[in-house]
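A look at the structure
The residues making up each chain are set out below.
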Amino acid sequence: MTETRSAEASGDGVRGSQANTGNKLQAKSVLTKMAAFVADRNIPFLVCSIGMIVMLLWAGKFKMTAPGAEGIIPLVTNSPLTSRQFKVFGPYILGDMIGATEWTAAILLIIGYFKPKAGILGGIILVGMFFTTSSMLITTPDDTVVVHGIHYMNNLGLFLFKDIISFGVAFYLISSYGRKAIVAENQR
């Protein structure tokens, strides 16, 4: 059975406006045709991967500056996963190391467009990185404010919360690059 582009992109075997063959389903309503259009063009992968690459390059470069390195001090000093590294390397070397890790992951995601296994490796790095930073939401003091007895995230809390979303995107990128790698392996 021949895989369609949307089946490769989404892994669900749903086809857009292409002819219905085999056991493939065909989109019929306007909403499902729109969804198939998005899947056929791999838009979720493109938006997630390009957005992640830009964010990693930008944030990585910032962490390699004095203000960026100083900005992570309250985060890394309170985390059991990073406090030892902070004590050993200090904020500036640790900031450079974190920035270099972000750049490495971004470069691997870019290479992944041509060699999908590199994208998988970049995604694995991101899972570890965003697991660590997401855990800081629990360990960082003063990441919430209390208004009328209810805790709300302040700017620091919201800054950390975005890493939970990025954690999920990292898994999505692993699966997307993984599907591309599987297709490449089976074409040999």
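Look up a bit, the structure's there.
In this report, the structure presented in the accompanying data block is examined. These numbers were taken from a predicted model, which means no experiment stands behind them.

**Regarding the pairing of strand E4 (residues 150-153)**
Bridge count between strand E3 (residues 144-147) and E4: four bridges; the pairing is antiparallel. Counted as the bridge partner of Val146 is His151 from E4. With antiparallel pairing between neighbouring strands as the criterion, E3 and E4 make up a hairpin whose turn holds two residues, including His148 at a positive phi of roughly 50 degrees.

**Re the packing of helix H6 (residues 83-112) against helix H7 (residues 116-139)**
H7 packs onto H6 with a crossing angle of 150 degrees between their chain directions and a minimal axis gap of 6 Å. Relative to H7, H6 is oriented roughly antiparallel. Relative to H7, H6 is oriented so that their crossing is left-handed. Along its contact with H6, which presents Thr101, Glu102, Thr104, Ala105, Leu108, Leu109, Ile111 and Gly112, the element H7 presents Pro116, Ala118, Gly119, Leu121, Gly122, Gly123, Ile125, Leu126 and Met129. Taken together, the residues of the contact of H6 with H7 break down into ten nonpolar, six polar and one charged.

Procedures and definitions
- Residues numbered from 1 in each chain as written.
- Predicted model: local features only at pLDDT ≥ 70, side-chain atom pairs only at ≥ 80, totals over all residues.
- Heavy atoms only, no water.
- Pairing = 2+ DSSP bridges.
- Helix = DSSP H or I, 4+ residues; strand = E, 2+ residues; numbered from the N terminus.
- Axes fitted to C-alpha atoms, helices over the stretch in contact; angles between N-to-C directions.
- Parallel < 35°, antiparallel > 145°, perpendicular 65-115°, else oblique.
- Left-handed = near helix turned anticlockwise from the far one by under 90°.
- Contact = heavy atoms within 4.5 Å.
- Nonpolar A, V, L, I, M, F, W, Y, C, P; charged D, E, K, R; others polar.

Function cannot be inferred from these measures alone, as they are strictly geometric.
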